[in-house]
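So the chains spell out like this:
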Amino acid sequence: MNPNICLSIGNLSFSEILIHLKNVSMAEIRMDLLQLTDNELATVFNQHKNLIATYRTPTDFDGMVAILAKAIRFGCAYIDIDIETPEDYRKKLIETAKKRGCKVILSYHNFTETPDSEKLNQIAQNLFVNKADIAKIACTANDKNDCERVLKLYTYHNNLIAFAMGEIGMSTRIQSVKLGAPFTYASIKGKETAPGQISYADMERILGKNDK
């Protein structure tokens, strides 16, 4: 197990999740891509003490807050909140997390392009201003220059996870760890949860099982 690889889990059954958790040091639980009862959710977060609770693209923000609050109560180590979440909901979740000793990842996603360097730095600063313990920036790479701009963020920021999505950006998921990201995301082969994700097995082979 490489402690710097986070397995992103979505579109699996409850029993499949438990099997995969036995073989990784960290995982992201994509609750928007899972159908779990409260008891199953509690079991998942009791099974492993280094899990990120995530709920993407909500249409019901009250429901999102409720399910992430349950994950916090059940013992998740992190919650990941998109910065585009309305401020009132975002602040409520952050307050709940901080009271429980749960760390907050604030994330920015751009599924069409990569902003210019000035804008990327502004985004990173804004994530920290809004009380992120870790700032996450994921942008779509349309060329190699996009990848370079994303990786340059590590020159200016700590506690940052920044990478480029899509096939062009795949290498940035590897380079991010080498440049200082606390961890990088990987997938179960055939169960990718984001464009350009590398399988856990391949990422572990590339980075090594215990090396950063």
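Here the structure is a predicted model, which is why all the values come from computation and not from measurement.

### So, the overall build of the protein
Next, step 1: A count of helices and strands for the protein gives eight helices and eight strands.
Next, step 2: Its C-alpha radius of gyration of 16 Å places the protein within 12% of the 17 Å reference for a compact globule of 212 residues.
Next, step 3: Each principal axis of the C-alpha distribution contributes one length, and for the protein these read about 45 × 40 × 25 Å.
Next, step 4: When each of the 212 residues of the protein is scored for burial, the buried share is 53%.
Next, step 5: Counting contacts in the protein only where the partners sit at least 6 residues apart, residues at least 24 apart contribute 65% of the total.
Next, step 6: Carbon and sulfur atoms provide 47% of the accessible area of the protein, an area that totals close to 10,000 Å².

### Regarding the packing of aromatic side chains
Next, step 1: Applying the stated criterion across every chain, the model contains four aromatic pairs.
Next, step 2: The interplanar angle of 55° and the centroid separation of 6.3 Å between the aromatic rings of Phe 163 and Tyr 185 together place this pair among those described as tilted. Placement of the pair is Phe 163 in strand E7 (residues 160-165) and Tyr 185 in strand E8 (residues 184-187), with a sequence separation of 22 residues.
Next, step 3: Since its relative accessible area comes to 1%, Tyr 185 is described here as buried.
Next, step 4: Three or more aromatic residues link up through ring pairs in this structure, and these residues are Tyr 78, Phe 163, Phe 183 and Tyr 185.

### Observations regarding helix H7 (residues 170-179)
Next, step 1: Within H7, burial applies to Thr 172, Arg 173, Ile 174, Ser 176 and Val 177.
Next, step 2: Buried positions along H7 lie against helix H6 (144-152), E7, E8 and helix H8 (200-207).
Next, step 3: Of the residues flanking the end of H7, it is Gly 180, one or two places downstream, whose phi is positive at about 125°.

### Re the sheet that holds strand E3 (residues 51-54)
Next, step 1: Spatially, the eight strands line up as an open sheet ordered E7-E6-E5-E4-E3-E2-E1-E8, and their pairing is parallel. Single-partner strands in this sheet number two, and they are E7 and E8. Each adjacent strand pair in this sheet contributes to an overall mean axis angle of 25°, direction not counted.
Next, step 2: Where E3 lies against strand E4 (residues 78-82), three bridges are found, and the strand directions are parallel. Of the residues in E4, the one forming a bridge with Ile 52 is Tyr 78.
Next, step 3: Helix-sheet contacts for H6 involve strand E6 (134-140) and E7, and the interaxial angle to E7 is about 175°.

### Overview of the layout of surface pockets
Next, step 1: Of the pockets and cavities examined, the largest pocket occupies roughly 200 Å³.
Next, step 2: Along its surface, the largest pocket is lined by 17 residues, and Arg 30, Arg 56, His 109, Thr 193 and Ala 194 are the ones closest to its centre.
Next, step 3: When contributions to the lining of the largest pocket are tallied by element, the ones reaching two or more residues are strand E2 (27-30), E6 and E7.
Next, step 4: Looking at the lining of the largest pocket residue by residue, the class counts come to seven nonpolar, five polar and five charged.
Next, step 5: A volume near 160 Å³ is recorded for the second largest pocket.
Next, step 6: Each residue belonging to the lining of the second largest pocket can be placed in one class, and the counts come to five nonpolar, three polar and three charged.

### Section: the packing of H7 against H8
Next, step 1: The geometry of H7 relative to H8 is characterised by a closest axis approach of 11 Å and an angle of 45° between their N-to-C directions. With respect to H8, the axis of H7 lies oblique. For the pair H7 and H8, the sense of crossing is right-handed. Note on element contacts: H8 touches H7 through Met 203, Ile 206 and Leu 207, opposite Arg 173, Ile 174, Val 177 and Lys 178.
Next, step 2: Class assignment of the residues belonging to the contact of H7 with H8 gives a composition of five nonpolar, no polar and two charged.

### Digging into the pattern of salt bridges
Next, step 1: All told, the structure shown has nine salt bridges when counted by the stated rule.
Next, step 2: The salt bridge partner of Arg 30 is Asp 32, with a shortest N-O separation of 2.7 Å.
Next, step 3: For Arg 30, a relative accessible area of 10% corresponds to the buried category.
Next, step 4: The network of salt bridges with shared partners includes Arg 56, Asp 80 and Lys 136.

Calculation rules
Residues numbered from 1 in each chain as written. Predicted model: local features only at pLDDT ≥ 70, side-chain atom pairs only at ≥ 80, totals over all residues. Heavy atoms only, no water. Helix = DSSP H or I, 4+ residues; strand = E, 2+ residues; numbered from the N terminus. Rg over C-alpha atoms; globule rule 2.2 N^0.38 Å. Buried < 20%, exposed > 50% of the residue type's maximum accessible area, 1.4 Å probe, protein only. Contact = heavy atoms within 4.5 Å. Areas by Shrake-Rupley, 256 points an atom, 1.4 Å probe, with all protein chains shown as cover. Phe/Tyr/Trp six-rings, centres within 6.5 Å; stacked < 30°, edge-to-face > 60°. Pairing = 2+ DSSP bridges. Axes fitted to C-alpha atoms, helices over the stretch in contact; angles between N-to-C directions. 1 Å grid on protein atoms, 1.4 Å probe; cavity = no way out; pocket = protein on both sides within 12 Å on 5 of 7 lines; lining within 4 Å. Points joined across faces, edges and corners; volume = space filled by probe spheres on them. Nonpolar A, V, L, I, M, F, W, Y, C, P; charged D, E, K, R; others polar. Parallel < 35°, antiparallel > 145°, perpendicular 65-115°, else oblique. Left-handed = near helix turned anticlockwise from the far one by under 90°. Salt bridge = Lys/Arg side-chain N within 4 Å of Asp/Glu carboxyl O.

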